[in-house]
Amino acid sequence: MPIDPLILSLFAPLFGAVAAFLFPRAAAVIGLLAVVSICAAVPALAREVLAAGAVSVALGGWAPPLGISLRADGLSVAMLSMTAAVGLLVSCGALDALRDARQRQYFWPLWLLLLTGMNGVYLSTDIFNLYVMIEVIALAAVGLTVLSGTREAVRAGLEYMYASILGALLFLMGVGFVYLQIGRLDFAGLIAAEPSGAMSAGLALMLVGLLLKSALFPLHFWLPDAHANATAPASALLSGLVVKAALYIFLRLITQMPMPDEVLITLIGALGAGAVIWGGVQALRAERLKLLVAWSTVVQIGLIFIAFARAGQGGLSESWKAAALLVLAHGVAKAGMFLAAGRIKDEVGHDIIRDLDRSPMRPTLAQFSFALAAISLIGLPPSLGFIGKWSLMEGAMAAGYWHWVAVTMIGTLMSVAYFSRVLAGFLRFDRVRAPVVEHQGWALADMAPLVLAVSAVSLGLLAAPILSFLELGYPFGATP
Amino acid sequence: MTPDTIYGMTGIAVFAIGLAGALCAQDRLRRMLALKLCSVGAGFLLVVAAWRRPPDVPDPVPHALVITGIVVMVSATAVALALIRRLQTLEAEDAD
Amino acid sequence: MTDPLILFDLLLAGSIVALAVAVLSVRDLFTAIVVFIVFGLLSALAWARLAAPDVALAEAAIGTGVTGALLLKTLHHLRHFSDGQTQDAARDLTAVQPVPMGVTVANAAFCGLVALGLAVAFLGAPQAGPGFDALVSDAMPHSGVAHPVTAVLLNFRAYDTLMEVVVLLAAVIAVWQIERGLTEAPAPALGMVWAGFARLTLPAIVVIGTYLLWKGAEAPGGAFQGGAVLAAVGLLLLLSRLYVPQPSHRGLARWAFVLGTGVFAGVALLVTGGGRVAFQYPPEHAKTLILLIEGLVTISIAVTLAALFHGREPVALNAPESRHDT
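Reading the values: the criteria
- Residues numbered from 1 in each chain as written.
- Chains lettered and ligands numbered in written order.
- Predicted model: local features only at pLDDT ≥ 70, side-chain atom pairs only at ≥ 80, totals over all residues.
- Helix = DSSP H or I, 4+ residues; strand = E, 2+ residues; numbered from the N terminus.
- Buried ≥ 20, exposed ≤ 12 C-beta atoms within 10 Å, placed from the backbone.
- Contact = placed C-beta atoms within 7 Å.
- Domains from an automatic or database assignment.
- Nonpolar A, V, L, I, M, F, W, Y, C, P; charged D, E, K, R; others polar.
- Expected span 1.5 Å × (residues − 1).
- Bend = angle between axes of the 7 residues up to and from the residue.
- Axes fitted to C-alpha atoms, helices over the stretch in contact; angles between N-to-C directions.
- Parallel < 35°, antiparallel > 145°, perpendicular 65-115°, else oblique.
- Left-handed = near helix turned anticlockwise from the far one by under 90°.
- Pairing = 2+ DSSP bridges.
- pLDDT = per-residue confidence, 0-100.

### A closer look at the overall build of chain B
Part 1 of the argument: Along chain B, the regular secondary structure elements total three helices and zero strands.
Part 2 of the argument: Each helix (α) and strand (β) of chain B, taken in turn from the N terminus, gives the series α-α-α.
Part 3 of the argument: If you line up chain B on its principal axes, its C-alpha atoms span 65 × 25 × 15 Å.
Part 4 of the argument: Residue burial in chain B is summarised as follows: out of 96 residues, 82% are buried.
Part 5 of the argument: A separation of at least 24 residues holds for 48% of the contacts in chain B among residues at least 6 apart in sequence.

Here is the structure:
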C-alpha cells in the first residue's frame, strides 16, 4: 500500500512526535527519521505536481465545502521543501547544540509537532483548519522559545504566547464573519464571494491577526526578545520557519480574496517601510549578536510586506513571486545565521558584539557561515535574497513606484551597516593581546549553518527554475 | 428584534471588551482572562450564525467549530498559565 | 407582538456584557475569576437558548469549569509566592503599574470603533444566511452516527478534530517542559467535608461522563464533554490527595496523553487503500470506528486536562535539575 506523499508529509512528523514523546531516550533518532522521511516525501510530491500541476485529496472522501481537502501546488511544495531542508539541517545542528538531556528530550516532540503544523498550513485549503494549525504551531513554538528556561526566555515566551493567542482569536473572529456571509470556509468559496461588509470585516480581522503573528511593525513587539533568548536551534526554527507560516497564509488569503483596496495596500507597504527603518535602527543599536539577528528578521518581514504592497493594481503575479522568493531566501539564510550565531556564542562564551573582536577564540567556520548568510540577507548577487530583492525593485520601477524602490535601497544600506558591525569584528585581530586561536569546529555542528548559508547564496543561481516551479498549479490566481 | 441579533451584538461587545483588556491590562492573569473573553465573543458569533428560526434546526458545522475552538483555547490557556507560574517563581527567586 | 422570551434574551445579553466588563474591572483577582465563571455559565446558557446544547455543554465543562480551575490554581500559586515579599516587591511581581489615563481612554475608543465596525458588518450580513445545512443532511445517512455535531466532528471534519487533539498534546508537552523542576505551592487542602463529598461524588461523575460519551452518537454530548467531566474526576482525585502523581507513573501518563492522537491518526491512515483516502471510513464499520476513536480520545482528553491542571511533570524530588542552561 503506497502512502500518498501528501499524507506522509503530515503524518510522519505527527507519529514522530508521538514516538519521540513516548521514548525520550530515542527521541533524537526518531526525530531525525521523521524529518528524513519528509525529505523523501517532498520530492515525490514535487514530481506529482510537476506532472499534474496541482494535487489534491478530499479527506474522508467528503469534498469541500462540507469536508476539508488538502492541496499541493508549486508554492506549497516550495514551502514544504524549504521547511523540510531547513528542518533537517537544524535537526542535525540540534544534535550537538542541545547539551542538556532535558532540553533534548523536549526539543524533539515539540519540533515535530511544529513541523506537523507547518506542513498542515502549506497544504490546507480551509480557513478554520488554518486556525487550528496556527494554534498547533503557536503552542509548539512557545514551548521551543522557553526551552532554555531562563527568566528572559520565559518572559519573552509569555509575551509571545499572548500575541499568538490574540492573533489566532482575531483570525477566528474573521472566520466567523466569513461563515456568516457565505456559509462556507474553503478557499473556493472565498474566491467566488461577492464583496460585502461582512466579508471585508472577516478578511480584515484575519489579516490583522496574521500581521500580529507575522510581526509586521508595529505589531513586532514580541519578536526580538522571543527569538533572541531561545536556544540556537529553537531560534533558527522560530525565525527561519515559524514566521513564514503566517506570511504564507497572508499570501494565500490576499490572492484568494477580492482585490483589496489601493489605500489598504499602501498602508501595508507603509508598515513594511516602517519595519525596514525601525528594525534597521534597532539592529544598529543592538548590543548582542542574537538580538541583532532577531531585529534583522523584523526588517526582512517588512521587506516581504513591501513586496506584497508594491503590486498595486497591476503586475500582480510578478510581485507575489518576489514575495515568495524573499520568504524562501529568508527562511534558509536566517536559519543558517541563527545557528552560526549560536555556534559563535558557544565557542566565544558570549555574544556581545562590541567584544567579539577582543576574543582570541575564532570559530572560523561559524563566522564564515554568518558572513555568507549576511550576503543573502543584504541581497548581494548571486544569492536568492538578491533575486528576490531585484524582482521586487524591477517590478516597482516598471510600475513607477519609486518610493518603494527608495525604501528598499535604504533598507539594503542599513543592513550593510549593521552586519558590518559584526563582520568587522570577525576580521580585526589587532585588539587581541593573546595569540589568536582559530577554532576549526566540530564537523557536524558547523556543517548545518555552513550548508544553509552556502545554499542561501548559491540558490540564486537556480532562481529561474524555482520561479517557474512556483507557478505550477496557478497559486497566484493567474488564468490557466 | 430576534435572538440572533441580540446575541450577535452581545458577542461583538464581549469580543471588543476582551480586546480592550488584552491590549491594556497590566496584570498577567487579567490579560489571560481578557483573551478568554475574546474567545467567548468569537464563539457567540459562530453560534449565532448557525442559528435558524425554529422549527428549523441549526447548522451543526459551526457548533463543531466552536467546540474545537473551546478545546484549543483551554490548551493555550494552560500553557500561558504555566508560563505565568514559572515566571513568578523565577522572579521570586531573583528577588530573594 | 412581544415574545416573553425576547425579554429573557435581552436580560441575559445585558448580564453577559455587564459581567464581561466586571471581569476586567473588579479590583480583586479572586473575585474576577469568580465573576468570569459566572460569565461563562451564562454564556453557555445563551448558547443553549440558541439551540446549541453541545456547545453549551462544552463551554460549561471545559471553557468555564476546567479553565476556572486552572485560573484558581494559578492564582493560589501566585499568592503563595508573593506572600514572603514586602508590599513593594509583591507589586512588582504581579507587574501592576497604573496605566496612564490617556492610554486607557484611547484604547477604549479604539476598541469601541472596532466593535462599531463589526456591528455594522454583522447587521449587514444575511440573517440565517447560507450554511452547510443541506450538505450535512444529505451526508448524514453515510456518516455512521445519528447526531449531526458528532458526525461533523468525527467524520466530515475529522481532520480538524485530530489536529485539535494534537493541540492538547502540544499543550501538555509544553506545560511539562515549562514547569520542570518547579517547586509546588502547597496544595489547597480540601476540608474534611469536601474530601468526603469528593469520595461520594466520584463514582457518580464517572457515570455521567461515560453517559455523555455514549449519548454523543445520537444526542448532545460526546468525547469532549465526556472527557471534561471525567477530567473533573481527576481534579477531585488530585485535590483530595486520593491520587498523588508519582515519577513512576510518567510512562503510563505519556501513553495516556498520546492514546487519542495515536489511535485517531492510525485509524485515519489504516482505512486508506482500495480507492479510499485518509479518514474515509468504510460505511459498514463507520459507527464502530467512530465509537472506538471517540472512546479513546475521551480517555486522552480526560487525562490530559487533569495533567494540565496538575502542571508539573512528576519527577523525583532529589533528581538533579539543571535549569539555567543557555
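### Re the overall build of chain C
Part 1 of the argument: Per the secondary structure count, chain C includes 12 helices and zero strands.
Part 2 of the argument: Overall, chain C shows an N-to-C arrangement of helices and strands of α-α-α-α-α-α-α-α-α-α-α-α.
Part 3 of the argument: Residue burial in chain C is summarised as follows: out of 326 residues, 45% are buried.
Part 4 of the argument: Long-range pairs, those at least 24 residues apart, make up 72% of the contacts in chain C between residues at least 6 apart in sequence.

### Topic: the domain arrangement of chain C
Residues and elements named next belong to chain C.
Part 1 of the argument: What the domain assignment reports for chain C is domain 1 (1-97) and domain 2 (136-326).
Part 2 of the argument: Across the contact, 15 residues belong to domain 1 and 16 residues belong to domain 2.
Part 3 of the argument: Here the side of domain 1 that touches domain 2 is built from residues that sort into nine nonpolar, four polar and two charged.

### Things to note about the interface of chain A and chain C
Part 1 of the argument: Across the contact, 53 residues belong to chain A and 49 residues belong to chain C.
Part 2 of the argument: For the side of chain A that touches chain C, the secondary structure elements donating two or more residues are helix H1 (5-22), strand S1 (55-58), helix H4 (101-123), helix H5 (127-145), helix H6 (151-182) and helix H8 (197-214) of chain A.
Part 3 of the argument: Element by element, the count of residues in the side of chain A that touches chain C is highest for H5 of chain A, at 10 residues.
Part 4 of the argument: Of the residues that constitute the side of chain A that touches chain C, the class distribution is 33 nonpolar, 17 polar and three charged.

### Side note on helix H3 (residues 53-82) of chain C
All names here are of chain C.
Part 1 of the argument: The end-to-end C-alpha distance of H3 is 41 Å, a good match for the 44 Å that 30 residues give at a rise of 1.5 Å each.
Part 2 of the argument: In H3, a bend of some 35 degrees at Glu59 exceeds every other bend along the element.
Part 3 of the argument: The element H3 is extensively covered by neighbouring structure, given that 23 of its 30 residues are classed as buried.

### Let's talk about the packing of H6 of chain A against H8 of chain A
What describes two packed helices is the angle between their axes and the distance between those same axes.
Residues and elements named next belong to chain A.
Part 1 of the argument: Where H6 contacts H8, the two axes come as close as 7 Å, and the packing angle between them is 165 degrees. On the basis of the axis angle, H6 is roughly antiparallel to H8. At the point where H6 passes H8, the crossing takes the left-handed sense.
Part 2 of the argument: Partitioning the contact of H6 with H8 into residue classes produces 18 nonpolar, six polar and one charged.

### With respect to the interface of chain B and chain C
A common way to report how large an interface is uses the accessible area buried once the components associate.
Part 1 of the argument: Every contact between the two is made by 65 residues of chain B and, on the other side, 80 residues of chain C.
Part 2 of the argument: Elements supplying a minimum of two residues to the side of chain B that touches chain C: helix H1 (3-24), helix H2 (28-50) and helix H3 (60-95) of chain B.
Part 3 of the argument: Ranked by residue count, the leading element in the side of chain B that touches chain C is H3 of chain B, at 27 residues.
Part 4 of the argument: Residues that form the side of chain B that touches chain C fall into these classes: 43 nonpolar, 11 polar and 11 charged.

### Here we look at the pairing of strand S2 (residues 69-72) of chain A
All names here are of chain A.
Part 1 of the argument: The two faces of S2 match: Ser69 and Arg71 on one face and Leu70 and Ala72 on the other face are all buried.
Part 2 of the argument: Sheet analysis places S1 next to S2, joined by four bridges and oriented antiparallel. Residue pairing across strands places Ser56 opposite Arg71, the latter belonging to S2.

### Remarks on the packing of H6 of chain A against H2 of chain B
Part 1 of the argument: Following both chains from N to C, one finds H6 of chain A and H2 of chain B inclined at 15 degrees, their axes separated by 9 Å at the closest point. Of the possible angle classes, the one that applies to H6 of chain A and H2 of chain B is roughly parallel. Read as a crossing pair, H6 of chain A and H2 of chain B show a hand that is left-handed. In contact with Tyr162, Ile165, Leu166, Leu169, Leu172, Met173, Gly176, Tyr179 and Leu180 of chain A of H6 of chain A, H2 of chain B contributes Arg31, Leu35, Cys38, Ser39, Ala42, Leu45, Leu46 and Ala49 of chain B.
Part 2 of the argument: The class makeup of the residues in the contact of H6 of chain A with H2 of chain B is 14 nonpolar, two polar and one charged.

### Here we look at H4 of chain A
Part 1 of the argument: The terminal C-alpha atoms of H4 of chain A lie 34 Å apart, and with 23 residues this matches the ideal 33 Å at 1.5 Å per residue to within 8%.
Part 2 of the argument: At Phe107 of chain A, H4 of chain A is bent by approximately 25 degrees, the largest bend along its length, and proline Pro109 of chain A sits one to four residues beyond.

### Comments concerning the confidence of the model for chain B
Detailed reading of the predicted model is not advised wherever pLDDT is low.
Part 1 of the argument: In this model, chain B carries a mean pLDDT of 92, and residues with pLDDT of at least 70 account for 99%.
Part 2 of the argument: H3 of chain B is the least confidently modelled element of chain B, averaging 92 in pLDDT, while H2 of chain B averages 96, the highest of any element.

### A look at unusual backbone geometry
Part 1 of the argument: With an omega dihedral of 10 degrees, the bond running from Pro64 of chain A to Pro65 of chain A counts as a cis peptide bond.
Part 2 of the argument: Its place among the elements puts Pro65 of chain A in the loop between S1 and S2.
Part 3 of the argument: The backbone of Ala51 of chain C shows a phi angle near 60 degrees, a positive value even though the residue is not glycine.
Part 4 of the argument: For Ala51 of chain C, the position within the fold is in the loop between helix H2 (29-49) and H3.
Part 5 of the argument: With 18 C-beta atoms packed within 10 Å, Ala51 of chain C lands in the partly exposed category.

### Quick notes on the confidence of the model for chain C
Residue and element names in this part refer to chain C.
Part 1 of the argument: Looking at chain C, pLDDT values average 83 and 83% of them are 70 or higher.
Part 2 of the argument: The lowest-confidence element of chain C is helix H4 (residues 87-93), averaging 43 in pLDDT; the highest-confidence one is helix H8 (residues 158-178), averaging 95.
Part 3 of the argument: Segment residues 85-95 is flagged for pLDDT under 50; beyond a separation of four residues in sequence, or across chains, it makes 16 contacts in the model.
Part 4 of the argument: Note on residues 318-326: pLDDT is under 50 here. Beyond four places in sequence and across chains, it has 13 contacts.
Part 5 of the argument: The complex model carries a pTM of 0.94, and its ipTM stands at 0.97.

### Section: the environment of His80 of chain C
Part 1 of the argument: With respect to the helices, strands and loops of the structure, His80 of chain C is situated in helix H3.
Part 2 of the argument: Counting along the chain gives 97 residues from His80 of chain C to Gln177 of chain C, while the straight-line C-alpha distance between them is 22 Å.

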